[in-house]
Amino acid sequence: MTNIVPDDRIEAIVKITEEMNWLRAVVSDGNGAIFELPGYAAAGMAGGHVAALTVTESIVAPYGSELMYLPDREPVLFNIAAGEFEKLHENPHAPGEPVFPVAVFNSPGYVITHVSAFREHSRARMLPLFSYGAAGWHRGQFRSAAIRVDAEPRQDLRRMKPTDVSAGVRAVRWRMPGNRLRQHLETCALRYGCPAGKNFFLGRYEAPLPTAKTCNARCLGCLSLQKKSGISCTQERIAFTPSPAEISEVALFHIGRVRRAVVSFGQGCEGEPLSAARVIEPAIRMIRSRTGRGTINLNTNASRPEAVGRLCDAGLDSIRVSMNSVRRECYEAYFRPRGYTFDNVLRSIDTALEKGKFVSINYLNSPGFTDTPEEAEAFFAFMAARPVRMIQWRNLNFDPLRYWKSMAAAAPLGAPMGMEVLIREVRRGFPKLKFGYFNPPKEKFGIERLTARCA
Ligand code: SF4
C-alpha cells in the first residue's frame, strides 16, 4: 500500500529530511530519466538489512561514476511521512507510471557501504557484472554510500583524454609494429576502454601484461568468460600466448619511460596467469636482466604455489591474490576451483611471504556478506596467521541478491556490522596494514597512504 504524501505536507517533509540528514530518494522511469521522489529518503541494503542513507555517511558521487537503473526490480525507499520502508512499483505522485531502482557504479578507489535497495520481480534476470552501490540526492548533487580507500588518480578519466590515448597508440604501434601483445592492448584501450590499457599508451602508472588463455577457476563473476550464466562477460579473453620477448618488450618500454612504473600480469581480459608461467618466468628474467627498475606484479588466484615460487625467484616483486572470502566454503562457492584447493591458495601466499615479496589481497567485498561477524572473524584469524602487507578493497561486480543467496547456501551469515565498522576494526587490529585499490610501486611498499574521509 503506497502512502501518497499530500502536497501541503511536502515542505514539512523536506524540512524533516534536512533535519534527519537523510539523502533524498532518486528513482528512474526506465527510459533513462532519473529524478528525485519527494517525500522519500534514499535507502541502501546490506544482505537482508535496509537502512535510510544519510549525508554524513555518504560522499559526493566520484567523478567518472555511472548511474544505472535496474530493470524488473522495484525500489525500496523510506517513506518519511509513514516512517517506514516501502517497496514502490509506481510513482506515488503519478499513479500508473512505473519506477525503477537507481544504482551507482562508483569509479575506482571507492568501497560501497550499501547496495541500492530493491526487490526483484519474478521475471528478473541476473544483473550484468557491475557493483550496484546505493545513491541519493542532496543539494543538487548525487551522493554515493561509499568510502574512499585510494586517492591516487591512476584511473581518473579526466587524465585520460581519448585524443592522447589515440596518439599514444600510434606512437607505440610505430615502436613495436610486430608485437602481438601491443596489438592486443590496443583493443583493450580503444574498444574495451580499459584504464590499464590506456595507461600503457599514455605512459602512466601501471601497464597490463595479459598472457593466459585459460583458467583453473570458474568464478561466478568472471569478467572474461561466462558460460550458461545468462550474463555476458565484459571483455573477451586473450586468444594467444605472447612470447617472453613480446612481454618483456612491452614491459621494458613502460618501465623505461614511467617513473615508479608497475607492470602487471593477471588482467580482466585473460584467464589465470599461473597457467602461462612457462612464458612469464623467462619474461621476468629477460626484464630483470635489463633493468632493476620498475615493479613486476602478479594478479592471480594463487592456485599453483610451485609456479608462484618460481616466479618469485625469477624476480617478481609483488603478488595480489584475489579472494571473496577466507572461509573455504565461501571461497569455493564463488571461485569454483578446478584442480586446486583453498589450501593451494594459502600455500602460495605463504611461499611469497617466505620469499619476502609484497603480498596484497584483492578483497572482493560485498556489504551484507563481507561485513558479517563470521566473515570478519575469519578475516582477522587469516590476517593474524598471514602478515600480508595490503588489502585492496574492491567492490564485487556481481548481482548482489544472487551473491548473498550463494554465500548463505555455503556458510552461516549473521547480521552485517557495516563496511565502515569492519574497515575501521581491521585498521585498528592491523595498524601497519596498507589499504588501497591499486598495486603500489615498490618505492611505496613501506609508505602508508591515508587521506580525509577514508578508512
Ligand atoms: S580467476 Fe580470473 S580468469 Fe579465472 S575464472 Fe576467476 S575471474 Fe575468471
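In this text the structure is predicted, and so the values were computed from the model without any measurement.

*Asks:* How do you make sense of the overall build of the protein chain when you look at a structure like this?
*Replies:* Assigned secondary structure in the protein chain consists of 12 helices and 24 strands. For the protein chain, the C-alpha radius of gyration of 23 Å lies close to 23 Å, the compact-globule estimate for 455 residues. Scored against the burial criterion, the 455 residues of the protein chain give a buried share of 57%. Sequence-distant contacts in the protein chain: of pairs separated by 6 or more residues, those separated by 24 or more amount to 79%. Computed over 60 positive and 45 negative side-chain charges, the inter-centroid distance for the protein chain is 9 Å.

*Asks:* What should I look at first to understand the nonpolar core in this one?
*Replies:* Here is a general trend for soluble globular proteins: nonpolar side chains tend to be buried in one another's company. Counting 109 residues, the largest nonpolar core has I391 and W393 as the members making the most contacts within it. When we break this core down by domain, the ones giving at least three residues each are domain 1 (7-148) and domain 2 (157-454). Setting aside chain neighbours within four positions, we find W393 in contact with V111, V149, Y363, N365, M419, L422, I423, V426, F435, G436 and Y437. In terms of nonpolar packing, the next biggest core, distinct from the first, is built from 7 residues, V27, L37, L77 and L88 among them.

*Asks:* How should I be thinking about the packing of helix α5 (residues 244-257) against helix α6 (residues 277-290) in this particular structure?
*Replies:* Working note: a packed helix pair is described by the angle between its axes plus the distance between those axes. Interaxial distance between α5 and α6 falls to 8 Å at its minimum, and their mutual angle equals 40°. When the interaxial angle is binned, α5 and α6 end up oblique. As α5 runs across α6, the sense of the crossing is right-handed. Mapping the contact onto sequence places P244, A245, I247, S248, A251, L252 and I255 in α5 and V279, P282, A283, M286, I287 and R290 in α6.

*Asks:* Explain the confidence of the model for the protein chain here, please?
*Replies:* Should the pLDDT be low somewhere, the predicted coordinates at that spot are not to be read in detail. The predicted model of the protein chain averages 94 in pLDDT, with 94% of residues at 70 or higher. In this model residues 448-455 is a low-confidence stretch, pLDDT under 50, and it forms 28 contacts with partners more than four residues away in sequence or in other chains.

*Asks:* Would you mind going over unusual backbone geometry with me for this structure?
*Replies:* Comment: phi is negative for the bulk of residues other than glycine, and the bulk of peptide bonds are trans. Positive phi, close to 50°, is recorded for R260, a residue that is not glycine. Tracing the backbone shows R260 in the loop between α5 and β19 (262-265). In this structure R260 comes out as partly exposed when scored by relative accessible area, which is 31%. Not every positive phi belongs to a glycine, and R336 is a case in point at roughly 45°. With respect to the element layout, R336 can be found in the loop between α8 (328-335) and α9 (342-354). For R336, a relative accessible area of 33% puts it in the partly exposed group.

*Asks:* Would you mind showing me how to read the domain arrangement of the protein chain here?
*Replies:* Its domain assignment divides the protein chain into domain 1 (7-148) and domain 2 (157-454). Relative to domain 2, the C-alpha centre of domain 1 lies at a distance of 31 Å. Domain 1 puts 34 residues into the contact, and the matching count from domain 2 is 36 residues. Summing both partners gives a buried area of about 2900 Å² for domain 1 against domain 2, and 66% of it is carried by carbon and sulfur. Interface area lost by domain 1 to domain 2 is led by Y63, M126 and L129, which between them contribute 27%. Our count for the contact surface shared by domain 1 and domain 2 stands at 2 salt bridges. For R73, the salt bridge identified is with D399, shortest N-O distance 3.5 Å. Taken together, the links from domain 1 to domain 2 amount to 7 residue pairs in polar contact (both at pLDDT 80 or more). If you list the elements that add at least two residues to the side of domain 1 that touches domain 2, you get β3 (43-46), β12 (110-112), β14 (118-120) and β17 (146-148).

*Asks:* Hey, could you run me through the pairing of β19 in this one?
*Replies:* The two faces of β19 match: V262 and S264 on one face and V263 and F265 on the other face are all buried. Inspection of the sheet shows strand β18 (residues 206-208) paired to β19 by 3 bridges, in the parallel sense. Bridge pairing links P208 to S264 in β19. Running through α6, the crossover from β19 to the neighbouring parallel element strand β20 (residues 295-300) is right-handed.

*Asks:* Got a minute to help me understand the sheet that holds strand β4 (residues 49-52) in this structure?
*Replies:* Neighbouring strands of a sheet are bound in pairs by backbone hydrogen bonds; such pairs are parallel or else antiparallel. With antiparallel pairing, the 3 strands of this open sheet are ordered in space as β4-β3-β13. Each edge of the open sheet is held by one strand with a lone partner, namely β4 and β13 (115-116). Relative to β4, β3 is paired through 4 bridges, and the arrangement is antiparallel. Bridge assignment links A43 to a residue of β4, and that residue is A52.

*Asks:* Quick question: what am I supposed to make of the environment of T187 here?
*Replies:* Summarising the element assignment, T187 is placed in helix α3 (residues 180-192). Separated by 136 residues in the primary sequence, T187 and M323 have C-alpha atoms spaced 28 Å apart.

*Asks:* Is there a simple way to explain the packing of aromatic side chains in this structure?
*Replies:* Both the distance between ring centres and the angle between the ring planes are used here to describe each pair of aromatic rings. All chains considered together, the criterion is met by 22 aromatic pairs. With centroids separated by 4.6 Å and ring planes inclined at 20°, the aromatic side chains of Y363 and F379 adopt a geometry described as stacked. Of this pair, Y363 sits in strand β22 (residues 358-365) while F379 sits in helix α10 (residues 373-385), and the two are 16 residues apart along the sequence. Judged by its relative accessible area of 1%, Y363 is buried. Summarising the aromatic geometry, the rings of F379 and W393 are spaced 6.5 Å apart at their centres and angled 45° between planes, so their arrangement reads as tilted. In this pair, F379 sits in helix α10 while W393 sits in strand β23 (residues 390-395), placing the two residues 14 residues apart along the sequence. A relative accessible area of 0% means that W393 is categorised as buried.

*Asks:* Whenever I open this one, the pattern of salt bridges confuses me. Can you help?
*Replies:* Close approach of charged atoms lets side chains of opposite charge pair. Using the criterion set out here, one finds 23 salt bridges in the structure. Note that R173 and E186 form a salt bridge whose closest N and O atoms lie 2.9 Å from each other. On the criterion of sequence distance, the pair formed by R173 in helix α2 (residues 162-175) and E186 in helix α3 is long-range, its members being 13 residues apart. R173 sits in the partly exposed class, given a relative accessible area of 37%. Residue classification places E186 among the buried positions, given a relative accessible area of 10%. Between R386 and D350 there is a salt bridge, with the nearest N and O atoms lying 2.8 Å from each other. With a gap of 36 residues between them, R386 in the loop between α10 and β23 and D350 in helix α9 connect regions that are remote in the sequence.

Here is what the cut-offs are and how they apply
- Residues numbered from 1 in each chain as written.
- Predicted model: local features only at pLDDT ≥ 70, side-chain atom pairs only at ≥ 80, totals over all residues.
- Heavy atoms only, no water.
- Helix = DSSP H or I, 4+ residues; strand = E, 2+ residues; numbered from the N terminus.
- Rg over C-alpha atoms; globule rule 2.2 N^0.38 Å.
- Buried < 20%, exposed > 50% of the residue type's maximum accessible area, 1.4 Å probe, protein only.
- Contact = heavy atoms within 4.5 Å.
- Lys, Arg positive; Asp, Glu negative; His and termini not counted.
- Charge placed at Lys NZ, Arg CZ, Asp CG, Glu CD.
- Core = buried A, V, L, I, M, F, W, Y, C linked by side-chain atoms within 4.5 Å.
- Domains from an automatic or database assignment.
- Axes fitted to C-alpha atoms, helices over the stretch in contact; angles between N-to-C directions.
- Parallel < 35°, antiparallel > 145°, perpendicular 65-115°, else oblique.
- Left-handed = near helix turned anticlockwise from the far one by under 90°.
- pLDDT = per-residue confidence, 0-100.
- Buried area = accessible area lost by both parts, 1.4 Å probe.
- Salt bridge = Lys/Arg side-chain N within 4 Å of Asp/Glu carboxyl O.
- Polar contact = N/O pair within 3.5 Å; in protein donor to acceptor, adjacent residues only side chain to side chain.
- Pairing = 2+ DSSP bridges.
- Right-handed = clockwise from strand over helix to strand, strands pointing away.
- Phe/Tyr/Trp six-rings, centres within 6.5 Å; stacked < 30°, edge-to-face > 60°.

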